[in-house]
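Architecture at a glance
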Amino acid sequence: MTRRSGARRSDVRRIGIFGGTFDPVHIGHLRSALEVAEFMALDQLRLIPSARPPHREAPLVSAADRLAMVELAVADLPALCVDDRELRRDKPSYSIDTLESLRAELAADDQLFLLIGWDAFCGLPTWHRWEELLEHCHILVLQRPDADSDAPEVLRNLLAARSINDPLALEGPGGQISFIWQTPLAVSATQIRGLLASGQSARFLVPDAVLTYIHAHGLYRAAN
């Protein structure tokens, strides 16, 4: 992707957030985050590990281990950083709560971008207070060429009203939706956990530092 040059106010920060269980964090997560951070010229893209995801099964390893792995994964990537606020929250990891807390820390004009995959976007109507998300951020939908599901009707109506074709044309602190095409990487945390549980190598699917941590702490081994 080539970023088009354009004027932007130097005092307006552009912050991206990308949540997930990261159980474990892998190259698919990291490549998506890095592509968006560079394409959108973000000042910062925060990876936010979730503690108790409402729409998914509980993570297999502890919050402390997942946080440590994400920190290792982004240690040499200046564009990316880790935000542990959901792990410090004693309740389910609702995105609306995270957005509200982040927005309270930013200037009114700062732009906040919520990154979600196409499948997650299609499930948006099941999210807690989902209609309020755009009051706090723009939504960037990470879409791969192999995405083949259709959005439900309520989201088609939302897209008709709020979508912008060019993600670089998103203006203001929030309120709009755009799509960013991603490099298709057929890798998943489920696949990686399966390899590790069966004693196979997961090298090159996760950063070496993360793999070293996994082996050092005996994570994702099959139960005896």
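Read on for a plain summary of the structure. (Residues numbered from 1 in each chain as written. Predicted model: local features only at pLDDT ≥ 70, side-chain atom pairs only at ≥ 80, totals over all residues. Heavy atoms only, no water.)

Notes on the packing of helix α2 (residues 63–73) against helix α7 (residues 208–216)
Orientation of α2 relative to α7, taken along the N-to-C sense of each, is 150°, at an axis distance of 8 Å. Taken together, the axes of α2 and α7 are roughly antiparallel relative to one another. Considering the relative orientation of α2 and α7, their crossing is right-handed. Mapping the contact onto sequence places A64, D65, A68, M69, L72 and A73 in α2 and A209, V210, Y213 and I214 in α7. Partitioning the contact of α2 with α7 into residue classes produces nine nonpolar, no polar and one charged. (Axes fitted to C-alpha atoms, helices over the stretch in contact; angles between N-to-C directions. Helix = DSSP H or I, 4+ residues; strand = E, 2+ residues; numbered from the N terminus. Parallel < 35°, antiparallel > 145°, perpendicular 65-115°, else oblique. Left-handed = near helix turned anticlockwise from the far one by under 90°. Contact = heavy atoms within 4.5 Å. Nonpolar A, V, L, I, M, F, W, Y, C, P; charged D, E, K, R; others polar.)

As for the nonpolar core
V36, M40, L45, L47 and M69 are the most contacted members of the largest nonpolar core, which has 39 residues in total. No other element matches helix α1 (residues 27–39), which puts five residues into this core. Ignoring sequence-local partners within four residues, the contact set of L47 consists of F18, F22, L30, A33, V70, V74, L80, C81, V82 and D83. Judged by nonpolar contacts, the second largest core, of 26 residues, contains L99, L112, F121 and I139. (Core = buried A, V, L, I, M, F, W, Y, C linked by side-chain atoms within 4.5 Å. Buried < 20%, exposed > 50% of the residue type's maximum accessible area, 1.4 Å probe, protein only.)

Topic: the sheet that holds strand β6 (residues 177–181)
Adjacent strands of a sheet form backbone hydrogen bonds with each other and so pair up, either parallel or antiparallel. In space, the six strands of this open sheet follow the order β3-β2-β1-β4-β5-β6, with parallel pairing throughout. The open sheet is flanked by β3 (80–82) and β6, the only strands paired with a single partner. Across the sheet, the mean angle separating the axes of adjacent strands is 30° when strand polarity is ignored. Where strand β5 (residues 138–143) and β6 come together, five bridges link them in parallel fashion. Within the sheet, the bridge partner assigned to I139 lies in β6 and is I177. (Pairing = 2+ DSSP bridges.)

Quick notes on the pairing of strand β1 (residues 14–20)
The element β1 is largely enclosed, with a buried count of six among its seven residues. Looking at chain direction, β1 and strand β4 (residues 111–117) are connected through five bridges and run parallel. Bridge pairing links F18 to L115 in β4. Here β1 runs beside strand β2 (residues 44–49); their pairing, made up of six bridges, is parallel. Residue F18 lies in a different strand from β2, and its bridge partner there is L47. Each parallel crossover has a hand, and for β1 linked through α1 to β2 it is right-handed. (Right-handed = clockwise from strand over helix to strand, strands pointing away.)

Observations concerning the environment of L67
Topologically, L67 is positioned in helix α2. Remark: the alpha-carbon pair of L67 and P24, spanning 43 residues in sequence, is separated by 9.6 Å.

Brief notes about the pairing of β4
Put simply, side chains in a regular strand alternate between the two faces of the sheet. Taking burial as the measure, the seven residues of β4 include six buried ones, the bulk of the element. In terms of strand pairing, β4 meets β5 through five bridges, oriented parallel. Residue pairing in the sheet places L115 in a bridge with L140 of β5.

Concerning the pattern of salt bridges
Taken as a whole and assessed by the stated rule, the structure comprises 11 salt bridges. Note that R46 and D83 form a salt bridge whose closest N and O atoms lie 2.9 Å from each other. With a gap of 37 residues between them, R46 in strand β2 and D83 in the loop between β3 and α3 (95–105) connect regions that are remote in the sequence. The exposure classification of R46 matches that of D83, with both residues buried. Salt bridges sharing common partners tie together K91, D97, E100, R129 and E132. (Salt bridge = Lys/Arg side-chain N within 4 Å of Asp/Glu carboxyl O.)

Limitation: the analysis is restricted to geometry and does not speak to function.
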